[in-house]
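# Remarks on the overall topology
In case you want the letters, here they are:
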Amino acid sequence: WGRHWLDVARFGEDDFTGTQPRPYPNAWRYRDWVIQQFNRDLPYDVFVKAQIAGDLLKDSSLIGGLGLFGLGPWYYGITQPPQARADERHDRVDMVTRGFLGLTAACARCHDHKYDPIPQTDYYALAGVFASSAYKEFPLASSGDVALYDAGQKRVKGLEKEIEQFLTAQREQLALIYARQAAVFLSDVPGLDAEIAAKLAAYLKKPEEDHPFLKDWQASKSALAARAFQETLLDVIEKKRVMDEENRQAVIRGTNPFAKRRKVILPFNYDSEADFNPGSDVVTQSLDRERYQLWQKFIGQKNAVFRLEGEAVESRLTGEFKRHLLGLRAELAEARKALPPAYGYFHGMGEHEEPIDLPLNQRGNPLDLGEVVPRRFLSCLEPVSLRAGSGRLELASAIVASPMAARVMANRIWAWLFGAGIVRTPSNFGLMGDRPGNRELLEYLAARFVAGRFSVKALIREIVLSETYLASSLASAEGMRADPDNRLFWRANRKRLDAEAIRDSILFASGELSLQLGGESADLADLRRTVYVRVGRYQQNETLALFDFPSTSIHVEQRGVTNVPLQKLFFLNSAFLRLRAEALAARLECMAVSERERVIAAYGLLLQRAPSEREFAAASSFLAAADWAQYAQVLLSSNEFLYVD
């Protein structure tokens, strides 16, 4: 049930920062928090409030719910900051309105909603709540432990930066030294640095390289031409140095138009304005193309002729320079050794120090601003003002007070049990969504949910004890004539197990499933339940995706179910299934001695029934030419094992 909600909450454990994926080290704590709340039957109204404004409630155990927004998605440097921040707010508005209210308010980002009574001003009224909120981490340690660790981390990072700067300076100085000997290297005088001489020789032999500043030397091979090239190279290096410094000063002088924007800090201490391509909007100087290419190929790029890296730089350091580097490294090793263990924390959200109302973005463009829209709840429900701080707690209270919240969650619970909701678009109760197949049933369930103080377990219990839930999936001619789409649930919907339930059931049958609860996420080699497998936004787990595990980048109202050949090929060929089949065969061997008894045990364990005489005969025939592991693999691959009737 926790995993059901994590689909809705678009739970992911990393984001793409623009250059590489970055994992969120404590993302699993939100997943565990969600599972714990379903286990303890936290009332749904409190569950909602905890995820929107847990930091503003009195119960500290609810802080973990803030991972709903603290874990993003965050868009870092994938586009200009105003656009990235607007896209993040869009995600939050979409999650709140579709996830909790079954309304597609995010459609009103660029214009009034085309079908539902949601004007564009409503969208920016809600977006202002999230513009007035800030990413925040909530440590699971004392303030003293946090301060001690942070101080140690600061020292480690400071020393790492000092070492990096020192080696960079030495690398650049060495490159300049070699550049001042360019004419001598071109003359191929014995005794020069052999590594640099070899790199220059290799560069000159490349037929694809254009050498516009070496043409005179290549034509004459004279010392005068070599000297002229050296002077040109040194002149380019000096001009590049001067330009870089002038460009740096231009940025410092504050010509950046984003500098006056509110400070927004994302996970990993990413500064929305300062860390996005700093200086990209400042008019800067640059070398002409040919001189820039000369600088790049001899000095700038990683494999440049006169540029050394890593050990090649260090091996050329002597005396005080070498001792200084060794001293810094010893100090760094000591600082790392003394560093206290990292403390855990919840990724969450808190109040921004500058709450604001957002201006309406004309046609959704965050750089084309219109009227300022005060923060408030949706006008089609109850347009209460959201003015206390960011307005998150008032927003959460308005959501749970709306009858829509109970209807939407009651419908989700029904859909998770039956494979289809009473409203078959669980996150869209609007005009373009599905109409309830049985409106009275939906209203009854919502009313029972509220009357039961939003107890999810009580509503599940009432549903699963009903005759409707106990019905078979077998069809009848009368039923098919009256209700072919089964909108009234006169029969059960045959359901294939979800990706996680398939893997868990296989491990349970083989006797290998670990019942350990919670803890850090791991890969599929971990034998805990599949809910504990690491899930990323940057790259999906291929095995889970094969069985329709959804994207973790967006809110998912219900999973798709596909039936493709690759799924059966997985059961035929995967090493995972072969190992589980061998374990199941060993388990059957311990359970029974005779072939007939083992077949009975296998059917009871995997299919919860006794085999027929025909199935006994098929098993006996198969086992005459195959081993028990292969027989176990066949049963684990069967549709009866993978589907719920």
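Structure first, text after, so check above.
Residues numbered from 1 in each chain as written. Predicted model: local features only at pLDDT ≥ 70, side-chain atom pairs only at ≥ 80, totals over all residues. Heavy atoms only, no water.

This part takes up the packing of aromatic side chains. What the rule picks out here adds up to 35 aromatic pairs. Ring centres of Phe547 and Phe570 lie 5.6 Å apart, and the angle between their planes is 75 degrees; this geometry places the pair in the edge-to-face category. One end of the pair, Phe547, is in the loop between helix H22 (542-546) and helix H23 (565-573); the other, Phe570, is in helix H23, with 23 residues separating them in the sequence. In terms of burial, Phe547 and Phe570 fall into one category: buried. Members of the aromatic cluster, connected to one another through ring pairs, are Trp5, Phe11, Tyr30, Trp33, Phe38, Tyr44, Phe47, Phe100, Phe449 and Phe454. The lysine or arginine in question, Arg491, covers the ring of Trp490, its NZ or CZ lying 5.3 Å from the ring centre. (Phe/Tyr/Trp six-rings, centres within 6.5 Å; stacked < 30°, edge-to-face > 60°. Helix = DSSP H or I, 4+ residues; strand = E, 2+ residues; numbered from the N terminus. Buried < 20%, exposed > 50% of the residue type's maximum accessible area, 1.4 Å probe, protein only. Lys NZ or Arg CZ within 6 Å of the ring centre and 35° of its normal.)

This next bit is on the nonpolar core. Core analysis: the biggest nonpolar cluster contains 124 residues, and Trp5, Tyr30, Tyr44, Phe100, Leu395, Ile399 and Leu606 have the highest contact counts within it. Take this core: its biggest share by element is 11 residues, from helix H16 (residues 403-418). Formed by 31 residues, the second largest nonpolar core is a distinct cluster that contains Ala175, Trp217, Val305 and Leu308. (Core = buried A, V, L, I, M, F, W, Y, C linked by side-chain atoms within 4.5 Å.)

Okay, the side chain of Arg3 next. Here Arg3 lies in helix H1 (residues 2-8). Side chain to side chain, Arg3 and Asp7 meet in a polar contact 2.8 Å long. In this structure Arg3 touches Phe11, Glu500, Val531, Val535, Phe549 and Arg559, once residues within four positions along its chain are discounted. (Polar contact = N/O pair within 3.5 Å; in protein donor to acceptor, adjacent residues only side chain to side chain. Contact = heavy atoms within 4.5 Å.)

Let us now look at the packing of helix H7 (residues 143-179) against helix H14 (residues 319-338). Relative orientation of the contacting elements H7 and H14 amounts to 160 degrees, with a least axis distance of 9 Å. Classed by the angle they form, the pair H7 and H14 counts as roughly antiparallel. At the point where H7 passes H14, the crossing takes the left-handed sense. Contacts from Arg155, Val156, Leu159, Glu160, Glu162, Ile163, Phe166, Leu167 and Gln170 in H7 reach Phe321, His324, Leu325, Leu328, Arg329, Glu331, Leu332, Ala335 and Arg336 in H14. Here the residues of the contact of H7 with H14 sort into 10 nonpolar, 2 polar and 6 charged. (Axes fitted to C-alpha atoms, helices over the stretch in contact; angles between N-to-C directions. Parallel < 35°, antiparallel > 145°, perpendicular 65-115°, else oblique. Left-handed = near helix turned anticlockwise from the far one by under 90°. Nonpolar A, V, L, I, M, F, W, Y, C, P; charged D, E, K, R; others polar.)

A few words on the state of the cysteines. Overall, the coordinates contain 0 disulfides when judged by the stated rule. No disulfide involves Cys107; its nearest neighbouring cysteine sulfur is the one of Cys110, lying 9.7 Å away. (Disulfide = S-S within 2.5 Å.)

This next bit is on H14. Here H14 contains 20 residues, and its C-alpha end-to-end distance of 29 Å stays within 8% of the 28 Å for a straight helix at 1.5 Å per residue. Residues of H14 that are buried: Leu325, Leu328, Leu332 and Ala335. All buried residues of H14 project into a common sector of 90 degrees when viewed along the axis, lining one side. Exposed positions of H14 whose direction lies more than 90 degrees from the buried face are Glu320, Leu326, Glu334, Lys337 and Ala338. Those residues of H14 hidden inside the fold are in contact with H7 and helix H13 (311-314). (Expected span 1.5 Å × (residues − 1). Arc of directions from axis to C-beta.)

Take unusual backbone geometry next. The step from Gly72 to Pro73 runs through a cis peptide bond, and the omega angle for that step is 15 degrees. Even without being a glycine, Gln608 presents a positive backbone phi close to 55 degrees. Along the chain, the position of Gln608 falls in the loop between helix H25 (595-607) and helix H26 (613-623).

Before going further, it helps to examine H26. Every buried residue belonging to H26 is among Phe616, Ala619 and Leu623, and all of these are buried. Angularly, the buried residues of H26 cover 65 degrees about the axis, an arc narrow enough to put them on a single face. Exposed residues pointing more than 90 degrees away from the buried face of H26 are listed as Arg614 and Ser621.

Time to look at the pattern of salt bridges. Per the stated rule, a full pass over the model turns up 43 salt bridges. Among the ionic pairs, Glu195 bridges to Arg316, the shortest N-O distance being 3.0 Å. Of this pair, Glu195 sits in helix H9 (residues 194-204) while Arg316 sits in the loop between H13 and H14, placing them 121 residues apart in sequence. Accessibility expressed as a relative area gives 25% for Arg316, which makes it partly exposed. Residues Glu443 and Arg407 are paired through a salt bridge, measuring 2.7 Å at the closest nitrogen-oxygen approach. Taken together, the residues Glu443 in helix H17 (residues 439-451) and Arg407 in helix H16 connect sequence positions 36 residues apart. When its relative accessible area of 34% is taken as the criterion, Glu443 is described as partly exposed. Residues joined in a network through salt bridges with shared partners are Arg3, Asp7, Glu500 and Arg559. (Salt bridge = Lys/Arg side-chain N within 4 Å of Asp/Glu carboxyl O.)

Mapping Arg375 onto the fold places it in the loop between strand E8 (369-373) and helix H15 (392-401). Accessibility expressed as a relative area gives 4% for Arg375, which makes it buried. Among the polar contacts made by the side chain of Arg375, one reaches the side chain of Asp357 at a distance of 2.9 Å. Polar side-chain contacts of Arg375 include one of 3.1 Å to the backbone oxygen of Ser390.

Across the 7 residues that make up strand E6 (residues 345-351), a large majority, 6, are buried. Here 7 bridges tie strand E3 (residues 133-139) to E6, and the two strands are oriented antiparallel to one another. Looking across to E6, one finds that Ser133 is bridged to Glu351. (Pairing = 2+ DSSP bridges.)

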